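Here are the chains, one letter per residue:
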Amino acid sequence: MSRPSSLAFARRGNAMARQGARAGTTPPMSPRPPPCPLHQHEHAAAFTSSPTTNRRQQHPYKTITEKPLFGKAIDVHTHLYLPGYMNLLRSRSEVPRVTHPPPGSPIEASERLLILPGEDVDATTASGRPIGREYWSIEEKLAFMDSHGIQASVLSPANPWLDFLPPSEALPLARELNDELHALCSSSSPSSLQRLYAFGFLPLHPSLLHHPSYGASVLIKEIERLASPPLNSTMRGVIIPAQGLDDPLMEGIYEACERLKLVLFVHPHYGLRGGGREGGKTGAFGHVLPLALGFPFETSLAVARLVLSGFLDRYPSLLLLLAHAGGTLPFLAGRLDSCVEHDVAFSSPAPCAADAAAAAGGGGDGTPIFPSSRFADGGGWREGGGGAIGRLERLPSFYLRRNFVYDSVIYHSAGLKGLRSFLREGGREGGREGGGVKAA
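Residues numbered from 1 in each chain as written. Predicted model: local features only at pLDDT ≥ 70, side-chain atom pairs only at ≥ 80, totals over all residues. Heavy atoms only, no water.

### Remarks on the environment of Arg133
Right, so step 1: Relative to the helices and strands, Arg133 resides in the loop between strand E5 (129–131) and helix H4 (138–147).
Right, so step 2: Overall, Arg133 belongs to the partly exposed group, its relative accessible area being 45%.
Right, so step 3: Taking C-alpha positions, Arg133 is 10.0 Å from Glu111, a pair spaced 22 residues apart along the chain.
Right, so step 4: Not counting residues within four places of it along the chain, the set of residues in contact with Arg133 comprises Glu139 and Glu140.
Right, so step 5: Here the side chain of Arg133 touches Glu140 through a polar contact of 3.5 Å, side chain to side chain. (Helix = DSSP H or I, 4+ residues; strand = E, 2+ residues; numbered from the N terminus. Buried < 20%, exposed > 50% of the residue type's maximum accessible area, 1.4 Å probe, protein only. Contact = heavy atoms within 4.5 Å. Polar contact = N/O pair within 3.5 Å; in protein donor to acceptor, adjacent residues only side chain to side chain.)

Structure representation (structure tokens):
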């Protein structure tokens, strides 16, 4: 699969991101850096923590041929297959799983990884993809960071995480793997310079969240554990699937993450229904449609539902990192605003006087305030359709700037420029002071 040609500088409007966004233009697409096998499945993305005039630090993905020099880049989208997780995949006979090389392969041939739904039923994808030491070796990860001037990396477990396990197995294993991830990050960095951090496991697939013996209360305990010593020295949040983000049972998860200042890294895996796999097959297109379109579409839909649900009015300081530059949301935010602004589901027939006065002056930042953010019955939610529909206080684009950070995994400069332009619209780059993915 293709790899990113630069660690680019996409940002959201928090203090750290605002500094980085003023650092300069998008890094050039050439010369291309050496390919990194660590990112054959998912690819690196980075934020800079502060502006710099040093060209070598402006372009941290450029190979450094002299003594390694740490750049300002922070890689926030880089996966690691923990040894314990690899052993789990090797023990399985169904996707997701790791298989031995096909018969007749050279002795040095790698094991093969199959993780996507239906990947094993098509001739174009059934052999999986090679997976070797570069997927789980901390030594190789640090060497890659050194050679490309990356200051710090926030490691994340790779999809499909633990979604395929029954609840009775998922949470105990998540605890074990989180401890393993913390130990790897802690032991691989000198005390004077912490370079590895992590987003932990949280088995949050809707099928597990709704299990009668499982549920949010058990998950919240693990979130609180990650935010407590000793794990809080390396854990910066948790990675979650781009599924069910508007589920009412997510209330406690969002409250805990906001209270504990942990980031939710939203990452796709399942795509949309069909997703390029008509009848469960990819046809002649291999992984192209599920990865190129299914992943960003899945993220876009899940996050749009979260924004429309009203959760972000209830948890205004909640921070989420979106994979793949936010899918299509930065490009379609204006369309989403327009539809919400004119849809009866989000309008009030009788705005109260206070809201009308506030709306007349707007939000003070050019972002319109809706006629009313309250219901006649005093509630904040209204049942309708497939779930709860929130009465929003602002247009969706406000939340997309205030509550989200974006990686740079979009593969071309036009997309990055569009993302940065969206974040800067209205004379500001976001709606929050401070916050962000703080890796150092």
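### Some remarks on helix H7 (residues 216–226)
Right, so step 1: What H7 keeps buried is the set Ala216, Leu219, Ile220, Glu222, Ile223 and Leu226. Looking straight down H7, one finds its buried side chains confined to an arc of 160°; they lie on one side.
Right, so step 2: Contacts made by the buried residues of H7 are with helix H5 (167–187), helix H6 (206–209), strand E8 (235–241) and helix H8 (251–260). (Arc of directions from axis to C-beta.)

### With respect to H5
An α-helical segment advances 3.6 residues per turn. Residues three or four places apart therefore align on the same side.
Right, so step 1: Its 21 residues give H5 an end-to-end C-alpha distance of 30 Å, which sits within 8% of 30 Å, the value for a rise of 1.5 Å per residue.
Right, so step 2: Within the span of H5, buried status applies to Pro167, Ala170, Leu171, Leu173, Ala174, Leu177, Asn178, Leu181, His182 and Cys185. (Expected span 1.5 Å × (residues − 1).)

### Remarks on the sheet that holds E5
Right, so step 1: Pairing is antiparallel in the open sheet, where 3 strands are placed in the order E3-E4-E5. The two strands at the open ends of the sheet, each matched to only one other strand, are strand E3 (97–99) and E5. Between one strand and the next, the sheet's axes are offset by a mean angle of 45°, whatever the strand orientation.
Right, so step 2: Pairing of E3 with strand E4 (residues 111–114), which is carried by 3 bridges, proceeds in the antiparallel orientation. Across the sheet, the residue bridging to Val98 is Leu113, located in E4. (Pairing = 2+ DSSP bridges. Axes fitted to C-alpha atoms, helices over the stretch in contact; angles between N-to-C directions.)

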